[in-house]
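One-letter residues, chain by chain:
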Amino acid sequence: MAKQEFKAESKKLLDMVINSIYSKREVFLRELISNASDAIDKIYYRALTDDNITFNQSDYYIKIDVNKDNRTLKVIDTGIGMTKEDLESNLGTIARSGSFDFKNENELKDGYDIIGQFGVGFYAAFMVADKVTVISKALDSDQAYVWESAGADGFTIEPTDKKDVGTEIILSVKENTEDENYDEYLEEYRIKQIVKKYSDFIRYPIKMDVTESKLKEGTEDEYEDVIEEQTINSMVPIWKKNKSELTDEDYENFYTEKRYGFDKPLKHIHLNIDGTVRYHAILYIPENAPFNYYSKEYEKGLELYSNGVLIMEKCADLLPDYFSFVKGMVDSEDLSLNISREMLQHDRQLKVIAKNINKKIKNQLLSILRDEREKYEKFYESFGQQLKFGVYSDYGMNKDVLQDLLLFYSSKEKKLVTLKEYVSRMPEDQKYIYYATGDSIERIEKLPQTEMVAEKGYEILYFTDEIDEFAIKMLMNYDEKEFRSVSSGDLGMEEDNKETKELEEENKDLFDAMKEILSDKVKEVKASKRLKSHPVCLTAQGDISIEMEKVINAMPD
Ligand code: ADP
Ligand code: MG
């Protein structure tokens, strides 16, 4: 039979997957089980939209079968199956190399399992198997096929017999070597342990024939081995459990299992809402921004379930852009399963949930800011820019939600402060909230324009992010106090104005001469009291500051 070649790049990747991507070999089982569960989800979804298919919950399960004599471990599912083409494209094409460059580019430390969403999960099987055989019959095909591969050499696909729709993955488990033990993957107790650890919340039963020693009937001390089919996962999804039953570790495991991120979540929010719209949700505030977060490729959204069945992987309508970093899921009994994407947008229930979630996220962030400042600053480092974009992009419409979540570096405190903190420290005679813009804190500190304001004892917010000033322009004010750049023409300091007017009159000739010489560079030359150790400085007139002008000029037309 003709062998098909893996592409050169694929060979390299397969080698990577097998030898270095995974921190733990045992995760191969999680990968195979989640693929099986995905396959059942798919057939379930088809049943909802196709009247010719009926879905009996009891017909759908995953079965694990171990056979020590043959050294085989099977993962069998009653899911949607794969056609010949599916086998060829899904199991024959490994993730593009761009995905695996990612691990290096982002300098991920050990302990991260980069699998799943890159379409490489299946290949984890080769960590424990010499040979993998996949027998599958697709829902849409009368013919079953067998795919077989012993690793990097390639794979074969042949027609075969299989009565029922679904997939059977057979691993020929490797022989033990001097320093590696593979026999453990043929032990029932070990398999049970791995399933519990990673796949406990899989919604379909994961069954296995378990051998147990039981008292022989009619005897008092004679035991016999009895084989019994057991369901080894608890199946109750974590979000339907009581918060009090769950530990931080459970939430962290769920985050990892779901591949919401490679980091550890900073905080989770678990909602069990029994109001006008009933829903469960587990939301996470990540600690680090994903590598593509501030790019167009990033897609926001929460997983959306209708009573335990996934209906959408990334429901964008549940999250406003400024909270696009939030990960997690929502499950509601009140949503119809076969609702279309278009209908979902107008769904009243979904809007209620979105509004509710938005409020919870905001409150959670405020409480981290209040009680766990360091944690908040970590969060802000990753996502603060997004909050500022949020203030800016909707013409200040989200001011109320966002203004108290912003942090800026303070000249006085030498650390990040909130606007509320700034305003609460303002002396009575201070009219404005002062800010200075520049590339870095060090550079701003050296700006001549900051001297007078600082001398006066007023606090200055340092804007080092390009978006800062744009965002603040949208806010307009905070607690009725307007923002004012230290390089603005009018700093709102009375004595300054009066004395400088006199100075200007006394030296009128000098000022006129200067203006003439610099006529194509400046609009006006004025006296100022704001300078202490510097002879001159540039100030902006009107609404656009010098820094903003730079940003605007740098923008592509
Ligand atoms: P991922 O799950 O991230 O897509 P995998 O390497 O785990 O990547 O699987 C690749 C693809 O192979 C899946 O997306 C799916 O289309 C198909 N597949 C794998 N296992 C099964 C299965 N048991 N039943 C049906 N399709 C499967
Ligand atoms: Mg997978």
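The text that follows walks through the structure, step by step, so that each part is easy to find. (Residues numbered from 1 in each chain as written. Chains lettered and ligands numbered in written order. Predicted model: local features only at pLDDT ≥ 70, side-chain atom pairs only at ≥ 80, totals over all residues.)

A separate point is the overall build of the chain. Scanning the chain from N- to C-terminus turns up 17 helices and 19 strands. For the chain, buried positions account for 31% of its 557 residues. Sequence-distant contacts, at least 24 apart, represent 69% of the contacts inside the chain between residues at least 6 apart. (Helix = DSSP H or I, 4+ residues; strand = E, 2+ residues; numbered from the N terminus. Buried ≥ 20, exposed ≤ 12 C-beta atoms within 10 Å, placed from the backbone. Contact = placed C-beta atoms within 7 Å.)

Let us look at the pairing of strand β19 (residues 481-485). In the sheet, strand β16 (residues 433-437) pairs with β19 via three bridges, with the strands oriented parallel. Across the sheet, I433 pairs through a bridge with F483, a residue of β19. Two strands pair when backbone bridges link them, and strand β18 (residues 477-478) and β19 are joined in this way by two bridges, in the antiparallel orientation. Following the sheet pairing, N477 is matched in β19 by E482. In sequence, β18 turns back onto β19 through a hairpin of two residues, with D479 there showing a positive phi of about 50 degrees. (Pairing = 2+ DSSP bridges.)

Quick look at the nonpolar core now. Of all hydrophobic cores here, the largest spans 119 residues; its most connected members are A125, L171, V330, Y434, Y435, I460 and L461. Among the elements that line this core, the one with the most residues is helix α2 (residues 27-49), at ten residues. Excluding anything up to four places from it in sequence, V330 contacts Y279, A281, L302, L304, Y305, L318 and I353. (Core = buried A, V, L, I, M, F, W, Y, C linked by C-beta atoms within 7 Å.)

Turning our attention to the sheet that holds β18. Pairing is mixed across the open sheet formed by six strands, whose spatial order is β15-β14-β17-β16-β19-β18. Both edges of this open sheet fall to β15 (416-417) and β18, since each of them pairs with a single strand only. Direction of pairing for strand β14 (residues 408-410) relative to strand β17 (residues 460-463): antiparallel, over a ladder of two bridges. The residue bridging Y409 from the neighbouring strand is Y462, located in β17. Contacts between helix α14 (residues 466-475) and the sheet are confined to β16, β17, β18 and β19, with β16 contributing the most and set at about 155 degrees to the helix. (Axes fitted to C-alpha atoms, helices over the stretch in contact; angles between N-to-C directions.)

Glancing now at helix α8 (residues 348-371). For α8, which comprises 24 residues, the first-to-last C-alpha distance of 35 Å matches the rise-based estimate of 34 Å (1.5 Å per residue) to within 8%. Turning to α8, its buried residues number three or more, namely L350, I353, I357, I361, L365 and I368. (Expected span 1.5 Å × (residues − 1).)

Two numbers describe how α2 lies on helix α5 (residues 188-199): the axes approach to 9 Å, and their chain directions differ by 65 degrees. In this structure, α2 crosses over α5, and the sense of that crossing is right-handed. Each of V27, L29, R30 and I33 in α2 lies in contact with α5, whose residues at this interface are I194, V195, Y198 and S199. Tallied by class, the residues present in the contact of α2 with α5 amount to six nonpolar, one polar and one charged. (Left-handed = near helix turned anticlockwise from the far one by under 90°. Nonpolar A, V, L, I, M, F, W, Y, C, P; charged D, E, K, R; others polar.)

Turning to unusual backbone geometry, a few remarks are in order. Look at M235: it is not a glycine, yet its phi comes out positive at around 70 degrees. Within the fold, M235 resides in the loop between β8 (223-231) and α6 (248-257). M235 sits in the partly exposed class, given 15 other C-beta atoms within 10 Å. Even without being a glycine, M476 presents a positive backbone phi close to 70 degrees. Within the secondary structure, M476 is located in the loop between α14 and β18. For M476, a count of 10 C-beta atoms within 10 Å corresponds to the exposed category.

Moving on: the sheet that holds strand β2 (residues 72-77). Within a sheet, adjacent strands bond to each other through the backbone by hydrogen bonds, running parallel or antiparallel. With mixed pairing, the eight strands of this open sheet are ordered in space as β5-β4-β3-β6-β2-β1-β7-β8. Taken across any chain shown, the strands that pair with only one partner, and hence form the sheet edges, are β5 (155-160) and β8. Strand-to-strand, the axes of this sheet are offset by a mean angle of 20 degrees, without reference to chain direction. One ladder, built from eight bridges, connects strand β3 (residues 129-137) with strand β6 (residues 166-173); its direction is antiparallel. Looking at β6, one finds that T133 is bridged to I170. Each of β1 (62-67), β2, β6 and β7 (206-215) is contacted by α2, which is oriented at about 20 degrees to β2, the strand it contacts most. The strands touched by α5 are β1 and β7; relative to β7, the strand with the most contacts, the crossing angle is about 135 degrees.

Once that is clear, we can look at the packing of helix α9 (residues 373-393) against α14. Contact geometry of α9 with α14 gives a least axis separation of 8 Å together with a crossing angle of 40 degrees. Taken together, α9 and α14 sit at an angle that is classed as oblique. α9 and α14 meet at a crossing whose hand is left-handed. Residues Q385, K388, F389, V391 and Y392 of α9 pack against I467, D468, F470, A471, M474 and L475 of α14. The residue makeup of the contact of α9 with α14, split by class, is eight nonpolar, one polar and two charged. (Parallel < 35°, antiparallel > 145°, perpendicular 65-115°, else oblique.)

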